[in-house]
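What follows is each chain in one-letter form.
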Amino acid sequence: MASRYVLDTERLPLSILSTDSFIASALVWQGVVPCSPISPSTGVTMQALNLYHIACQRNPHFSIQAYVKMLCDLQGVQFHPHLSCQFSIALDVYLQILSNVAALVHEAIGRSNCNWRLMHACPACTYTLKDEDPLQFKLLYMMDSNDSLKRVLKKVARDDSEYLDDDNDAPLPRSAELPSMQSVGGDRYLTRDYINSFAGDSSVDMLSVDDKDNLCAGHWNNMKDEKTRRMWGVFDESGIFIAVCRHGFSLVIADRVQSGEQ
């Protein structure tokens, strides 16, 4: 037997039957997302997770800590920092469940093609009428990025001389955090492996100042690697790069991992 909290002080019993293969799946079946897959001692109701999910969509600045403190005030208990960590774990599991359910629904209705969402991202840009005259530019979009989602890289303690790059220049950063197996489903977010496949493969110098046909090349300094390499080296993620159509619908999003605007 276990107990769960919703948004009030009522306690509801949770039953773990002998026919249940796993404790975690038995709790999820009853509407509670556990914070540990093996022997969970704490869980968060899906109602509380769904409330934060919707609130965060309306106010992205609404932090997990503020929400957990609000729940503690409603329950009349003292807030502890580890509660925020436990809620964050349960939220990741909840979002992964929503992503997997959405993938199953899209497969059932015939929308599992990898390009389906991108081909129907904006009704105004992608929907055409019968006998409509073709436009010169079918889709107008723009790309830009910012550094609002920076995340500092937690490095391991080491001798930097042992981890130099091929040019014996700056030491290559190594993360002290455990690798995460979580991934964002769908085709909106480009994966790290897909982005890394384009790293250093271009044989054309796009920033060459000798190109007389490109008047902007000599003034485009924010992408020069030698000027930004050490500055961005302290971050594991330096922001996102997003492409949107002229109506504001997002097309694709790339996570800037250990790099600037490259």
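Parameters at a glance
Throughout this description, residue numbers start from 1 for each chain and increase along the sequence as written. For this predicted model, a pLDDT threshold of at least 70 governs which residues receive local features, and a threshold of 80 or more governs which side-chain atom pairs are given and counted, while totals over whole chains, interfaces and linings are taken from all residues. Only heavy atoms go into the side-chain values, all of them from the structure, while hydrogens and water stay out. Here a helix means four or more residues in a row that DSSP labels H or I, a strand means two or more in a row labelled E, and each is numbered from the N terminus. Buried, partly exposed and exposed residues are distinguished by accessible area as a fraction of the type maximum, computed with a 1.4 Å probe on protein chains only: under 20%, between the cut-offs, and over 50%, respectively. Here, residues are in contact when the closest pair of their heavy atoms is within 4.5 Å. For the area figures, the Shrake-Rupley method with a 1.4 Å probe applies, and any residue is considered shielded solely by the protein chains shown. Among buried residues, those of type Ala, Val, Leu, Ile, Met, Phe, Trp, Tyr and Cys that are joined through side-chain atoms within 4.5 Å constitute a nonpolar core. Within a predicted model, pLDDT stands for the predictor's per-residue confidence, ranging from 0 to 100. Pairing between strands requires that DSSP locate at least two bridges from one strand to the other. In this scheme, patches are assembled from residues that exceed 30% relative accessible area and form no salt bridge. Like charges are connected within 9 Å, while nonpolar side chains (Val, Leu, Ile, Met, Phe, Trp, Tyr) are connected within 5 Å. Here, a salt bridge means any Lys or Arg side-chain nitrogen found within 4 Å of an Asp or Glu carboxyl oxygen. By this rule the span expected of a helix is its residue count minus one, scaled by 1.5 Å. By construction, the arc corresponds to the directions joining the helix axis to the C-beta atoms.

## Section: the overall build of the protein
Argument step 1. Per the secondary structure count, the protein includes eight helices and nine strands.
Argument step 2. Counting only residues that meet the buried cut, the protein has 20% of its 262 residues in that class.
Argument step 3. Within the protein, contacts between residues separated by at least 24 positions form 50% of all contacts whose residues are at least 6 apart in sequence.
Argument step 4. When the accessible surface of the protein is split by element, carbon and sulfur atoms take 57% of a total near 19,300 Å².

## Details of unusual backbone geometry
Argument step 1. For Asp131, which is not glycine, the phi torsion reads 60° and is therefore positive.
Argument step 2. Turning to its location among the elements, Asp131 is positioned in the loop between helix H6 (123-126) and strand E5 (141-146).
Argument step 3. Judged by its relative accessible area of 70%, Asp131 falls in the exposed class.

## Details of the nonpolar core
Argument step 1. Residues Val44, Leu49, Tyr52, Tyr67, Phe87, Ala90 and Leu91 are the most contacted members of the largest nonpolar core, which totals 14 residues.
Argument step 2. Elements represented by at least two residues in this core include exactly helix H2 (46-58), helix H3 (64-75) and helix H4 (81-108).
Argument step 3. The contacts of Ala90, once residues within four sequence positions are left out, are Val33, Pro34, Cys35, Val44 and Leu49.

## Quick notes on the confidence of the model for the protein
Argument step 1. Across the protein, the average pLDDT comes to 76, with 70% of residues at or above 70.
Argument step 2. Mean pLDDT per element in the protein: strand E1 (residues 2-4) is the minimum at 42, and H2 is the maximum at 92.
Argument step 3. Of the regions scoring below 50 in pLDDT, residues 1-6 engages in 24 contacts with residues more than four places distant in sequence or in other chains.
Argument step 4. Below a pLDDT of 50 lies the segment residues 202-207, which in the model reaches five contacts outside its immediate sequence neighbourhood of four places, other chains included.

## Regarding the pairing of strand E8 (residues 235-245)
Argument step 1. Where burial is concerned, most of E8 is hidden: eight out of the eleven residues are buried.
Argument step 2. With six bridges connecting them, E5 and E8 associate as antiparallel partners. Looking at the pairing, Asp144 lines up with Ile242 of E8.
Argument step 3. Across two bridges, the pairing between strand E6 (residues 151-152) and E8 is antiparallel. If you follow Arg151 over to E8, its bridge partner there is Glu237.
Argument step 4. Pairing analysis gives seven bridges linking E8 to strand E9 (residues 250-257), with the strands arranged antiparallel. Looking at the pairing, Phe241 lines up with Ala254 of E9.
Argument step 5. The turn linking E8 back onto E9 is made up of four residues, and Gly248 within it adopts a positive phi angle of 95°.

## Here's the deal with the environment of Met142
Argument step 1. With respect to the helices and strands, Met142 occurs in strand E5.
Argument step 2. In this structure, the C-alpha to C-alpha distance between Met142 and Val244, residues 102 residues apart in sequence, is 5.7 Å.

## Quick notes on a nonpolar patch on the surface
Argument step 1. Residues Leu51, Met70 and Leu74 make up a contiguous nonpolar surface patch of about 240 Å² in total accessible area.
Argument step 2. As for its position among the elements, Leu51 is in helix H2.

## Thoughts on H2
Argument step 1. Relative to the 18 Å expected for 13 residues at 1.5 Å per residue, H2 spans 18 Å between its end C-alpha atoms, a close match to the ideal helical length.
Argument step 2. When H2 is considered as a whole, its buried residues turn out to be Ala48, Leu49 and Tyr52. Mapping the buried residues of H2 onto a view down its axis gives an arc of 100°, with all of them on the same face. In H2, the exposed residues that point more than 90 degrees away from the buried face are Gln57 and Arg58.
Argument step 3. Structurally, H2 contributes buried residues whose contacts are with strand E3 (32-34), strand E4 (43-45), H3 and H4.

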